[in-house]
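Observations on the three-dimensional arrangement
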Amino acid sequence: MTDARRNLELKARDDDPQATRAAAIAAGAIEHGVLRQRDTYFSARAGRLKLREQRPGGAQLIAYERSDEAQERESRYRLADVPDPAATRAALAAALGITVVVEKERHLLLADSLRIHLDHVEGLGQFVEVEAVVPRGAPTAGEAERVRALRSALGIGDDRLLHRGYAALVLEALGARASLVEAARAAMQRAYAPYSRFAVGAALRDDTGAIHAGTNVENSAHPQGQCAETSAIGAMATHGGRRIVEIAVMADADLVTPCGGCRQRMSEFAAPDTPVHLCGPDGVRRTVTLGDLLPLGFGASDLPA
Ligand code: THU
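Moving on: the packing of helix α5 (residues 228-238) against helix α6 (residues 260-267). The contact between α5 and α6 brings their axes to 9 Å, and the two run at 20 degrees. If you check the angle between α5 and α6, you find them roughly parallel. Judged by the sense of rotation from one axis to the other, the crossing of α5 with α6 is left-handed. From α5, Glu 229, Thr 230 and Ile 233 reach across to α6, where they touch Cys 262, Arg 265 and Met 266.

In structure tokens, the structure reads:
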């Protein structure tokens, strides 16, 4: 690309955005508000092409090239303001096709010419980015040095660095989510529900990536019946799983939601931000978190020491 602008950027996972924010402010960064961004990626012939719609703010088309390296890396990009994002999105979708949509909430901080992004990306979690705009024609060595200095002030270790962009991570998560939903479907199809005739399937992904599924198992003595989620938790524990990172529940209903007892059972092994996909036979109808389903839940930390 000629005449492109250049950025240096670094991306990392962030389990403690409050601590990162405090470290950024201690390093002299100033908060510049919260942005809602929706990036629609199109299948470009060369490099990457996305339509960014931002609130507050407008829309821009961004064509860029970036190498996938787990360190500060250069991105070359071109920006074009988009006055009619809906029409532009429809035209590009028809001509090129959409590969993925990434939605996020971005807390923006500025430290001199460096930008710090504390990003909550839907379906992925929390990240931190450090970005420097490289002045036209200037060498990148000075910028790289400043990005590295800020990185160490924010305590970003090598193990947290990411070499891929959000689009690739969301695509990977969507693929993983599809496998989870299919496991819930297979379990639902094996329901033993002769009394209610309400078949339910549940699938859990544990922190090793393994999927465990279960179905509802009823009984002629009705209170002895067991929900799909409970069966799935039993399968997970039997295979040695102890942490749930994602949940799918499926039934042929408008919106199946786990019963109160299962919400409590899931909370034994899952954090409040764990996504729970509520599915019908056609797929995910709504995604909520366990915390949405079980606010103010009781946990082991409420027990006396
Ligand atoms: N059921 C589940 O398996 N999971 C839920 O989330 C809701 C209800 C089952 C229990 C029973 O076998 C049938 O659905 C009707 O209540």
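Attention now goes to the site of the ligand. Ser 196, Phe 198, Val 200, Asn 216, Glu 218, Cys 227, Ala 228, Glu 229, Thr 257, Pro 258 and Cys 259 make up every residue found near the ligand. Here Glu 229 contributes a side-chain N or O atom positioned 2.6 Å from an oxygen atom of the ligand. Within the complex, 77% of the 370 Å² of free accessible area of the ligand lies under protein. Its residues assigned to classes, the shell around the ligand shows 6 nonpolar, 3 polar and 2 charged.

With respect to the helices and strands, the residue Leu 109 is situated in strand β6 (residues 98-111). Overall, the relative accessible area of 1% leaves Leu 109 in the buried class. Excluding residues that lie within four positions of it along the chain, Leu 109 makes contacts with Ala 24, Ile 25, Ala 29, Ile 30, Glu 31, His 32, Leu 114, Arg 115, Ile 116 and Leu 118.

As a further point, take the packing of aromatic side chains. Considering all chains together, one arrives at 1 aromatic pair under this definition. Judged by centre distance (5.2 Å) and plane angle (65 degrees), the rings of Phe 127 and Tyr 166 are edge-to-face. In this pair, Phe 127 sits in strand β8 (residues 125-134) while Tyr 166 sits in helix α4 (residues 166-188), placing the two residues 39 residues apart along the sequence. Take Phe 127: its relative accessible area is 0%, and that puts it in the buried class. The ring of Tyr 166 has Lys 11 lying over it, and the distance from NZ or CZ to the ring centre is 3.5 Å.

Take the side chain of Arg 66 next. Assignment of secondary structure puts Arg 66 in strand β4 (residues 59-66). We classify Arg 66 as buried; its relative accessible area is 13%. When neighbours within four sequence positions are excluded, Arg 66 is seen to be in contact with Glu 9, Arg 48, Arg 73, Glu 74, Ser 75 and Gly 165.

What follows deals with the layout of surface pockets. Size it by volume and the largest pocket reaches roughly 1,500 Å³. Along its surface, the largest pocket is lined by 41 residues, and Val 121, Gly 123, Leu 124, Gly 125 and Pro 275 are the ones closest to its centre. For the lining of the largest pocket, the secondary structure elements donating two or more residues are β6, β7 (114-121), β8, α4, β9 (200-206), β11 (244-251), β12 (275-280) and β13 (283-289). For the lining of the largest pocket, the leading source of residues is α4, giving 7 residues. Along the lines of polarity and charge, the residues of the lining of the largest pocket split into 18 nonpolar, 9 polar and 14 charged. Residues from two domains meet in the lining of the largest pocket; each of domain 1 (5-173) and domain 2 (175-302) gives at least three. Considering only enclosed or pocket space, the second largest pocket measures out at about 580 Å³ in volume. Lining the second largest pocket are 31 residues, and of these Asn 7, Arg 52, Ile 62, Arg 106 and Glu 131 sit closest to its centre. Per-element accounting of the lining of the second largest pocket gives the leading share, 5 residues, to β4. Residue composition of the lining of the second largest pocket, by class: 9 nonpolar, 9 polar and 13 charged.

Definitions and limits used
- Residues numbered from 1 in each chain as written.
- Predicted model: local features only at pLDDT ≥ 70, side-chain atom pairs only at ≥ 80, totals over all residues.
- Heavy atoms only, no water.
- Axes fitted to C-alpha atoms, helices over the stretch in contact; angles between N-to-C directions.
- Helix = DSSP H or I, 4+ residues; strand = E, 2+ residues; numbered from the N terminus.
- Parallel < 35°, antiparallel > 145°, perpendicular 65-115°, else oblique.
- Left-handed = near helix turned anticlockwise from the far one by under 90°.
- Contact = heavy atoms within 4.5 Å.
- Near = heavy atom within 4 Å.
- Polar contact = N/O pair within 3.5 Å; in protein donor to acceptor, adjacent residues only side chain to side chain.
- Areas by Shrake-Rupley, 256 points an atom, 1.4 Å probe, with all protein chains shown as cover.
- Nonpolar A, V, L, I, M, F, W, Y, C, P; charged D, E, K, R; others polar.
- Buried < 20%, exposed > 50% of the residue type's maximum accessible area, 1.4 Å probe, protein only.
- Phe/Tyr/Trp six-rings, centres within 6.5 Å; stacked < 30°, edge-to-face > 60°.
- Lys NZ or Arg CZ within 6 Å of the ring centre and 35° of its normal.
- 1 Å grid on protein atoms, 1.4 Å probe; cavity = no way out; pocket = protein on both sides within 12 Å on 5 of 7 lines; lining within 4 Å.
- Points joined across faces, edges and corners; volume = space filled by probe spheres on them.
- Domains from an automatic or database assignment.

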